[in-house]
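A structural walkthrough
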Amino acid sequence: MKRSVLTRYRVMAYVTAVMLLILCACMVAKYGFDKGEDLTLVVSQVHGVLYIIYLVFAFDLGSKAKWPFGKLLWILVSGTIPTAAFFVERKVAREVEPLLDDASPVVAKA
């Protein structure tokens, strides 16, 4: 498996997790203090699009790592639980690291 598959997943896991935390703060402002209704709408739309991209990259990583369906489902759902993606991403990165191809160049002999 290429390192870029893991890198794409890791970037989207962090971006999705941060956007979810921002969305949670916007929801508190909207429903708790009646402020920022327009901002909440924009942040929720952006998070939705980013979450779809996260799903694609996580599914790609899971299919290449040959994970069972239950594990893949947990990783896909972790993008909807605030702060869960941070912890799941770290665990996934440690687990997938040994499966990566070495990027060291091979010297051809003449």
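Every value quoted in this text rests on a predicted model; they were computed, and no experiment measured them.

Moving on, we get to the environment of Gly36. Here Gly36 lies in the loop between α1 (3–33) and α2 (37–65). Sequence separation between Gly36 and Ala65 is 29 residues, and the spatial gap between their C-alpha atoms is 41 Å.

Unusually for a residue other than glycine, Asp34 sits at a positive phi of about 55°. Along the polypeptide, Asp34 turns up in the loop between α1 and α2. Its relative accessible area of 71% is what places Asp34 among the exposed residues. Despite not being glycine, Thr83 shows a phi value in the positive range, around 70°.

Looking now at the state of the cysteines. Covalent bonding between the sulfur atoms of two cysteines defines a disulfide. Inspection of the entire model under this criterion finds zero disulfides. Cys24 forms no disulfide, and the closest cysteine sulfur to it belongs to Cys26, at a distance of 9.3 Å. Residue classification places Cys24 among the partly exposed residues on the basis of a relative accessible area of 31%.

Take Val18: it is sitting in helix α1. Measuring from C-alpha to C-alpha, the distance between Val18 and Pro82 comes to 8.5 Å, with 64 residues separating the pair along the chain.

Calculation rules
Residues numbered from 1 in each chain as written. Predicted model: local features only at pLDDT ≥ 70, side-chain atom pairs only at ≥ 80, totals over all residues. Heavy atoms only, no water. Helix = DSSP H or I, 4+ residues; strand = E, 2+ residues; numbered from the N terminus. Buried < 20%, exposed > 50% of the residue type's maximum accessible area, 1.4 Å probe, protein only. Disulfide = S-S within 2.5 Å.

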